[in-house]
Amino acid sequence: MTRDLWSLVPGPWQKHLANCDDELAEIDSFLNSAQDSGEIIVPDRENIFAALALAPEQIRVVILGQDPYPNSDHAIGLAFAVPNGTKPLPGSLRNVFKEVEADLGQPPQTFPDLAHWVAQGVLLINTALTTFHGASNSHAKLPWDRVVAQILKAVIAANPKVVAILWGNSAQSYAPNFSPDQIVAGSHPSPLSAHRGFIGSKPFSKTNAMLRLDDKEGIDW
């Protein structure tokens, strides 16, 4: 039996998303109808809320992307992350890893599943948590924006000095939610847009500088 979306929300988050039950019911109905019509939803239903394995009070950095990779082999419910062993890596993640090395002078200290970042309190979340396989941004009109806004509200309430890395226009639309001096903004690392301001933007060293100003340890990227 298919589990409804609400039952998939991790326990520590349910009180924060309690007023999103109408939005989640609307999304659930849409996903069920689409699947009945033969559409493939990514990520797998069990991974839609994978980013919420971190409780709000554990989160020090938010990396906000657009939506899941439109590939069932890539999307795992964490923005920009893919399963370990994926070859070749998606272009966006390749560019992220290249920027880590260019910015910090060392290769990334994590695998493609980005688990090492998550373990240090990095929330990897998209502005839409689902899409159709083969169709990027196809769920942008679902009310995921209201759900994500509530997620970010809970994070900011727990840590007002959380650093927000906002890549791309969809992510940057959430900038008003964060303290202006805690935002690292840039173009999306996709090969289609990375040259417009992502490459050379040094987001990782900037983020660590902000964390240290707040007497917090930087992320081992």
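Residues numbered from 1 in each chain as written. Predicted model: local features only at pLDDT ≥ 70, side-chain atom pairs only at ≥ 80, totals over all residues. Heavy atoms only, no water.

Which parts of the structure should I look at to understand the overall build of the protein chain?
Assigned secondary structure in the protein chain consists of eight helices and six strands. Sequence-ordered secondary structure for the protein chain, helices as α and strands as β, is α-α-α-β-β-α-α-β-β-α-β-α-β-α. Projecting the C-alpha coordinates of the protein chain onto the three principal axes gives extents of approximately 50 × 40 × 25 Å. Here the protein chain holds 221 residues, and 52% of them are scored as buried. Restricting to contacts in the protein chain with at least 6 residues of sequence separation, those with at least 24 account for 67%. A total of about 10,200 Å² of accessible surface is found on the protein chain, and carbon and sulfur atoms cover 51% of it. (Helix = DSSP H or I, 4+ residues; strand = E, 2+ residues; numbered from the N terminus. Buried < 20%, exposed > 50% of the residue type's maximum accessible area, 1.4 Å probe, protein only. Contact = heavy atoms within 4.5 Å. Areas by Shrake-Rupley, 256 points an atom, 1.4 Å probe, with all protein chains shown as cover.)

I tried to follow the packing of helix α3 (residues 21–36) against helix α6 (residues 144–158) on my own but got confused; where do I start?
Packed helices, taken two at a time, are described by their axes: the angle between them and the distance between them. With their axes 9 Å apart at the nearest point, α3 and α6 run at an angle of 135 degrees to one another. One way to sum up the angle between α3 and α6 is to call them oblique. Viewed along their axes, α3 and α6 form a crossing whose handedness is left-handed. Along the contact surface, α3 presents Glu23, Leu24 and Ile27, while α6 presents Trp144, Arg146 and Val147. Looking at the contact of α3 with α6, its residues break down into four nonpolar, no polar and two charged. (Axes fitted to C-alpha atoms, helices over the stretch in contact; angles between N-to-C directions. Parallel < 35°, antiparallel > 145°, perpendicular 65-115°, else oblique. Left-handed = near helix turned anticlockwise from the far one by under 90°. Nonpolar A, V, L, I, M, F, W, Y, C, P; charged D, E, K, R; others polar.)

What is the right way to read the pattern of salt bridges from this model?
Opposite charge on two side chains permits them to pair, given that their charged atoms come into close proximity. Taken as a whole, this structure holds four salt bridges when the rule is applied. The partner of Asp28 in a salt bridge is Arg45, with the nearest N and O atoms 2.8 Å apart. With Asp28 in helix α3 and Arg45 in the loop between β1 (41–42) and β2 (61–65), the pair connects residues that are 17 residues apart, well separated along the chain. (Salt bridge = Lys/Arg side-chain N within 4 Å of Asp/Glu carboxyl O.)

In this structure, what is going on with the packing of aromatic side chains? I would like to understand it.
We describe a pair of aromatic rings using the distance from one ring centre to the other and the angle between the two ring planes. Here the structure, examined in full by the defined rule, presents eight aromatic pairs. Between Phe49 and Trp144 the ring centres are 6.0 Å apart and the planes differ by 70 degrees, which places this aromatic pair in the edge-to-face class. In this pair, Phe49 is assigned in the loop between β1 and β2 and Trp144 in helix α6, connecting sequence segments 95 residues apart. Judged on exposure class, the residue Phe49 and its partner Trp144 are both buried. Taken together, the ring pairs connect Phe80, Trp117, Trp167, Phe198, Phe204 and Trp221 into an aromatic cluster. (Phe/Tyr/Trp six-rings, centres within 6.5 Å; stacked < 30°, edge-to-face > 60°.)

Looking at this model, I keep getting lost on the nonpolar core. Mind explaining?
Across soluble globular proteins, nonpolar side chains have a tendency to be buried as a group. By size, the foremost hydrophobic cluster in this structure holds 69 residues, and its most contacted members are Phe49, Ile63, Trp117, Trp144 and Trp221. Examining the composition of this core, we find that eight residues originate from one element, α6, more than from any other. Not counting residues up to four positions away in its chain, the partners in contact with Phe49 are Leu5, Leu8, Val9, Pro10, Leu24, Leu129 and Trp144. (Core = buried A, V, L, I, M, F, W, Y, C linked by side-chain atoms within 4.5 Å.)

How do you make sense of unusual backbone geometry when you look at a structure like this?
Both trends apply: most residues other than glycine have a negative phi, and most peptide bonds are in trans. In the segment running from Val42 into Pro43, the intervening peptide bond is cis, with an omega of 0 degrees. Residue placement: Pro43 occurs in the loop between β1 and β2. Here the bond from Lys87 into Pro88 is cis, since omega is -10 degrees, no more than 30 degrees from zero. Non-glycine residue Leu114 carries a positive phi angle of around 60 degrees. Its place among the elements puts Leu114 in the loop between α4 (91–104) and α5 (115–119). Among the residues examined, Leu114 registers a relative accessible area of 0% and is labelled buried.

Whenever I open this one, the sheet that holds strand β5 (residues 163–167) confuses me. Can you help?
By definition, the strands of a sheet pair up through backbone hydrogen bonds, in either a parallel or an antiparallel sense. The sheet built from four strands is open, its strands ordered β3-β2-β5-β6 with parallel pairing. Edge positions in the sheet fall to β3 (122–126) and β6 (183–186), since each has one partner strand and no second. The mean inter-strand angle of the sheet, taken between neighbouring strand axes irrespective of direction, is 15 degrees. (Pairing = 2+ DSSP bridges.)

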